Amino acid sequence: MKIITALVISLSLFLSFVITVSATTYTAPTAIASDLPTYSKVYDEQRDPFKDAVAALALAKETNRQVLIEIGGNWCSWCHKMDSFLAKNPEVYQALHSQYVLLKINVSDSNENNDFMKSLPPVLGYPHMYVSTAQGKMILSKDTAELLADNNYSKSQWLRFLSDWSVSATAIPAQLVTTNAAE
């Protein structure tokens, strides 16, 4: 009986430790995600990208952040991989949402958001990202393939990208930069 009691207590302690570690590891993204505007969370064919962009710019001004425009859709497997990568990497997720207002713009067969997309440099693949200042000046067109290492998103490349294009790093006026993996 003492052995069974000891095993139960040991198992209980182990499980509470695992649950505590898991909660600590993933609390930050969940807590941040609950505070994010809808346009930062999902690709939605019904949303008006112009209204969302105005709201994102206002929030970026208010919080001294850049706007990261992410073009993709629910059909895009790499968009899902990127979301999964961010959820599994709290440090990257935190850096993204502390330095940028994320604006997800849907493009799909049923709604290509042509009018909005005409205002942006050409998309090089999906997902594709643009960085804009809070004043609406586009400063980067980014092929997300550059954030890959061994066919997976790279934590170090993401962190470098987020740091390089943050408000503090781009305080000097910059020209629009277009990057792609072929360069």
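Residues numbered from 1 in each chain as written. Predicted model: local features only at pLDDT ≥ 70, side-chain atom pairs only at ≥ 80, totals over all residues. Heavy atoms only, no water.

**A look at the overall build of the protein**
Right, so step 1: Regarding its fold elements, the protein presents seven helices and seven strands.
Right, so step 2: Taken from the N to the C terminus, the helices and strands of the protein come in the order α-α-α-β-α-α-β-α-β-β-β-β-α-β.
Right, so step 3: Here the protein holds 183 residues, and the buried ones make up 39% of them.
Right, so step 4: In the protein, 71% of the contacts between residues at least 6 apart in sequence involve partners at least 24 apart.
Right, so step 5: Carbon and sulfur atoms provide 59% of the accessible area of the protein, an area that totals close to 10300 Å². (Helix = DSSP H or I, 4+ residues; strand = E, 2+ residues; numbered from the N terminus. Buried < 20%, exposed > 50% of the residue type's maximum accessible area, 1.4 Å probe, protein only. Contact = heavy atoms within 4.5 Å. Areas by Shrake-Rupley, 256 points an atom, 1.4 Å probe, with all protein chains shown as cover.)

**Points about the packing of helix α5 (residues 90-99) against helix α7 (residues 155-164)**
Right, so step 1: For the pair α5 and α7, the least separation of the axes is 10 Å and the interaxial angle reads 15°. Considering their axes alone, α5 and α7 lie roughly parallel with respect to each other. Once α5 is placed against α7, the crossing between them reads as left-handed. On α7, the residues that touch Glu91, Val92, Ala95, Leu96 and Gln99 of α5 are Lys155, Trp158, Leu159, Leu162 and Ser163.
Right, so step 2: Broken down by class, the residue content of the contact of α5 with α7 amounts to six nonpolar, two polar and two charged. (Axes fitted to C-alpha atoms, helices over the stretch in contact; angles between N-to-C directions. Parallel < 35°, antiparallel > 145°, perpendicular 65-115°, else oblique. Left-handed = near helix turned anticlockwise from the far one by under 90°. Nonpolar A, V, L, I, M, F, W, Y, C, P; charged D, E, K, R; others polar.)

**Concerning the packing of aromatic side chains**
Remark: the centre distance and the inter-plane angle together describe each pair of aromatic rings, the angle taken between the planes.
Right, so step 1: Scanning the entire structure with this criterion turns up seven aromatic pairs.
Right, so step 2: Taking 6.4 Å as the distance between ring centres and 65° as the angle between the ring planes, the aromatic pair formed by Tyr153 and Trp158 counts as edge-to-face. An identical accessibility class is assigned to Tyr153 and Trp158; each is buried.
Right, so step 3: Directly above the aromatic system of Trp78 lies the positively charged group of Lys81, at a separation of 4.1 Å from the ring centroid. (Phe/Tyr/Trp six-rings, centres within 6.5 Å; stacked < 30°, edge-to-face > 60°. Lys NZ or Arg CZ within 6 Å of the ring centre and 35° of its normal.)

**Observations regarding the pairing of strand β3 (residues 128-132)**
Side chains on a regular strand alternate between the two faces of the sheet.
Right, so step 1: Of all the five residues making up β3, five are buried; the element is thus mostly covered by neighbouring parts of the structure.
Right, so step 2: Pairing of strand β1 (residues 66-72) with β3, which is carried by five bridges, proceeds in the antiparallel orientation. Across the sheet, residue Leu68 finds its bridge partner in β3, namely Val131.
Right, so step 3: Of the pairings in the sheet, the one linking β3 to strand β4 (residues 138-143) comprises five bridges and is antiparallel in character. Bridging across to β4, Ser132 finds its partner in Met138.
Right, so step 4: Hairpin connection, β3 to β4: the antiparallel pair is bridged by five residues, and Gly136 has positive phi, about 90°. (Pairing = 2+ DSSP bridges.)

**So, the pairing of strand β2 (residues 100-106)**
Right, so step 1: In terms of burial, β2 is a largely internal element, seven of the seven residues being buried.
Right, so step 2: Pairing between β1 and β2: seven bridges, direction parallel. Note that in β2 the partner of Leu68 across the bridge is Leu102.

**Thoughts on the layout of surface pockets**
Right, so step 1: Looking at the largest pocket, its volume works out to about 190 Å³.
Right, so step 2: Along the wall of the largest pocket there are 14 residues; nearest its centre are Ala53, Leu57, Ile69, Phe116 and Met138.
Right, so step 3: Residue assignment for the lining of the largest pocket shows that the elements contributing at least two residues are α3 (49-63) and β1.
Right, so step 4: Ranked by residue count, the leading element in the lining of the largest pocket is α3, at five residues. (1 Å grid on protein atoms, 1.4 Å probe; cavity = no way out; pocket = protein on both sides within 12 Å on 5 of 7 lines; lining within 4 Å. Points joined across faces, edges and corners; volume = space filled by probe spheres on them.)

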